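Spelled out from the first residue to the last, the chains are:
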Amino acid sequence: MRDPSARAWRRTSFLLGALLIAIVGWIAYPHVRNIIVPPEITAAARGRQRAEELGCFTCHGPLGRAGVINPGSKYESVPPFHEGTLMMFAKSDQELREYILHGAPAAKLQSEAYLKEMRGQAIRMPAFADFVSEQDVDDLVAFLRASSEMLFPPEGPAADGEELAHELGCFTCHGAMGSGGHANPGSLKGYIPGFYGPDFAELVRDDEELRAWITNGGVPRLSDDPLASFFLERQRVQMPAYGGFLEDKQIADLMAYVKWVAGEEWREMPLQ
Ligand code: HEC
Ligand code: HEC
């Protein structure tokens with residue numbers, strides 16, 4: 001006959017063993033743990049997802065970068081969000097909110113000429129007030145600001161780096177202004193990290209690591225780690241190694257730009 005107390009003991013020791021392994025894993029891989037624990041997508045990345053769900057891109061084009069033809073409009077098509085277009089329509093973050101909530105800024109809605117102009121267009125901006133929460137509006141404004149291309153780093157290396165980042169397509173992977181969040185199947189968090197916020201702080205500890213990401217597409221701290229490297233190799237989108245294709249000055253410029261974004265001063269800046 002089986003001894004029930006021996007069975008209970010076996011079960012307890014199995015559970016204790018499993019717990020021990022879990023604890024050792026937890027302690028041995030702090031960076032993996034930190035990366036796993038909080039999926040911290042930025043407000044702008046959340047805003048992009050909401051914009052997709054709310055149908056904004058049906059009229060404003062993919063990612064708000066190419067509005068659909070709009071017969072009767074003096075602009076010929078629905079305005080996009082990038083290349084400074086936003087500021088032709090909205091003078092402040094408040095007016096961006098009013099576009100989302102009411103279809104246009106309050107001041108314009110009081111102008112008979114504007115209303116007549118809108119009536120003459122095939123496509124009009126809808127009011128989303130009944131479809132969005134306050135959080136949605138904040139996130140959408142963050143996304144619009146990031147997409148605007150109207151938040152400029154200071155002249156010099158950071159500004160040169162921004163131009164180069166556009167040319168090289170850094171933002172198609174890293175999101176508008178490095179806001180992150182585009183899907184990356186097989187990666188630890190499921191998305192491509194941005195250039196600011198907790199993910200960035202975890203993945204880029206110092207200048208040396210920033211340079212290594214851009215030149216080699218990774219840092220030894222992660223690629224030499226068995227658990228982290230499992231996810232790095234498995235993820236379908238990899239960070240390209242640009243080192244062989246860029247001059248030292250270009251890499252320094254990209255670093256200056258990414259560091260400016262990571263500093264998050266632009267958060268307080270008005271669109272200009
Ligand atoms: C049915 C088509 C349509 C949809 C859907 C739509 N828009 Fe618009 N949007 C327009 C049109 C047309 C204008 C131009 C209005 C004007 O001339 O004042 C506009 C203007 C804007 C503007 C100011 C001009 C600019 O630079 O684009 C913002 C900001 C904006 N929309 C944001 C959004 C957001 C955010 C959403 C989703 C929540 C959205 N729109 C959904 C048609 C649309
Ligand atoms: C094809 C998509 C792609 C392009 C283009 C791309 N990256 Fe990346 N990048 C990634 C992915 C994916 C990661 C995360 C890699 C990982 O975890 O192993 C990453 C990581 C990074 C990191 C470190 C992590 C973080 O939080 O951002 C930096 C910095 C970075 N990239 C900068 C750039 C710069 C600068 C450019 C343009 C010169 C660029 N990337 C272009 C996909 C891309």
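Residues numbered from 1 in each chain as written. Chains lettered and ligands numbered in written order. Predicted model: local features only at pLDDT ≥ 70, side-chain atom pairs only at ≥ 80, totals over all residues. Heavy atoms only, no water.

Colleague: How would you summarise the overall build of the protein if you had to cite specific residues and measurements?
Modeller: Summing up its helical and strand segments, the protein has 16 helices and zero strands in all. Over its C-alpha atoms the protein spans a radius of gyration of 24 Å, topping by over 25% the 19 Å that the globule rule assigns to 272 residues. Its C-alpha atoms put the protein at 90 × 55 × 30 Å along the principal axes. Residues counted as buried form 40% of the 272 residues belonging to the protein. (Helix = DSSP H or I, 4+ residues; strand = E, 2+ residues; numbered from the N terminus. Rg over C-alpha atoms; globule rule 2.2 N^0.38 Å. Buried < 20%, exposed > 50% of the residue type's maximum accessible area, 1.4 Å probe, protein only.)

Colleague: I'd like a rundown of the site of ligand 2, residues and numbers included.
Modeller: Taken together, 23 residues lie near ligand 2, and Cys-170, Cys-173, His-174, Gln-235 and Met-239 sit nearest. Residue Gly-194 places a main-chain N or O atom 2.8 Å away from an oxygen atom belonging to ligand 2. Interatomic distance of 2.8 Å between a side-chain N/O atom of Gln-235 and an oxygen atom of ligand 2. The set of elements that each furnish at least two residues to the shell around ligand 2 consists of helix 11 (170-174), helix 12 (197-203) and helix 13 (207-216). Sort the elements by how many residues they give to the shell around ligand 2 and helix 11 lands first, with three residues. Grouping the constituent residues of the shell around ligand 2 by class yields 17 nonpolar, six polar and no charged. (Near = heavy atom within 4 Å. Polar contact = N/O pair within 3.5 Å; in protein donor to acceptor, adjacent residues only side chain to side chain. Nonpolar A, V, L, I, M, F, W, Y, C, P; charged D, E, K, R; others polar.)

Colleague: Kindly report on helix 13, identifying the contributing residues and their values.
Modeller: Within helix 13, burial applies to Glu-209, Leu-210, Ala-212, Trp-213, Ile-214 and Thr-215. Structurally, helix 13 contributes buried residues whose contacts are with helix 12, helix 14 (220-223) and helix 16 (248-263). Of the residues that open helix 13, the one with a side-chain oxygen 3.2 Å from the backbone nitrogen of Glu-208 is Asp-206. Gly-217 lies just past helix 13 and shows a positive phi near 80°. (Contact = heavy atoms within 4.5 Å.)

Colleague: Talk me through the packing of helix 3 (residues 43-54) against helix 9 (residues 134-147); I want residue IDs and the actual numbers.
Modeller: The contact between helix 3 and helix 9 brings their axes to 7 Å, and the two run at 105°. When the interaxial angle is binned, helix 3 and helix 9 end up roughly perpendicular. Within the contact between the two elements, helix 3 uses Ala-43, Ala-44, Arg-46, Gly-47, Arg-48, Arg-50, Ala-51 and Leu-54 and helix 9 uses Gln-135, Asp-136, Asp-139, Leu-140, Ala-142, Phe-143 and Ala-146. Partitioned by chemical class, the residues of the contact of helix 3 with helix 9 number eight nonpolar, two polar and five charged. (Axes fitted to C-alpha atoms, helices over the stretch in contact; angles between N-to-C directions. Parallel < 35°, antiparallel > 145°, perpendicular 65-115°, else oblique.)

Colleague: So what's going on with the coordination of the iron atom of ligand 1? Which residues, and what values?
Modeller: Surrounding the iron atom of ligand 1 are the protein donor atoms His-60 (NE2) and Met-125 (SD), which sit 2.1 Å from the metal. Geometry at the iron atom of ligand 1 is octahedral, judged from its six donor atoms and the angles of 88 to 178° they form at the metal. Placement of His-60 in helix 4 (residues 56-60) and of Met-125 in the loop between helix 8 (112-119) and helix 9 is noted, with a sequence separation of 65 residues between them. (Donors = N, O, S within 2.8 Å, 3.2 Å for Na, K, Ca; no water. Tetrahedral: all angles 85-135°; square planar, octahedral: opposite > 155°, others 65-115°.)

Colleague: Please provide a residue-by-residue account of the coordination of the iron atom of ligand 2, values included.
Modeller: Around the iron atom of ligand 2, the protein supplies His-174 (NE2) and Met-239 (SD) as donor atoms, at distances of 2.0 to 2.1 Å. With six donor atoms in place around the iron atom of ligand 2 and angles of 88 to 178° between them, the coordination shape is octahedral. Taken as a pair, His-174 in helix 11 and Met-239 in the loop between helix 15 (226-234) and helix 16 lie far apart in primary sequence, 65 residues in all.

Colleague: Account for the domain arrangement of the protein, naming residues and giving values.
Modeller: What the domain assignment lists for the protein is domain 1 (43-147) and domain 2 (157-268). Taking only C-alpha atoms into account, the centre of domain 1 sits 30 Å from that of domain 2. Contact with domain 1, which involves eight residues of that partner, is made by nine residues of domain 2. Regarding the contact of domain 1 and domain 2, the summed buried area is about 600 Å², with carbon and sulfur atoms giving 49% of it. Linking domain 1 to domain 2 there are zero salt bridges. Run the count over domain 1 and domain 2 and you get four residue pairs in polar contact (both at pLDDT 80 or more). Elements with a contribution of two residues or more to the side of domain 1 that touches domain 2: helix 3 and helix 9. Class assignment of the residues belonging to the side of domain 1 that touches domain 2 gives a composition of four nonpolar, two polar and two charged. (Domains from an automatic or database assignment. Buried area = accessible area lost by both parts, 1.4 Å probe. Salt bridge = Lys/Arg side-chain N within 4 Å of Asp/Glu carboxyl O.)

Colleague: Please provide a residue-by-residue account of the site of ligand 1, values included.
Modeller: Ligand 1 sits among 24 residues. The nearest are Cys-56, Cys-59, His-60, Tyr-114 and Met-125. Here an oxygen atom of ligand 1 sits 3.1 Å away from a polar atom, N or O, in the main chain of Pro-80. For ligand 1, an oxygen atom lies 2.7 Å from a polar atom in the side chain of Tyr-99. Listing elements by their share of the shell around ligand 1, those giving two or more residues are helix 4, helix 5 (86-89), helix 6 (93-102) and helix 8. Among the elements that line the shell around ligand 1, the one with the most residues is helix 4, at four residues.

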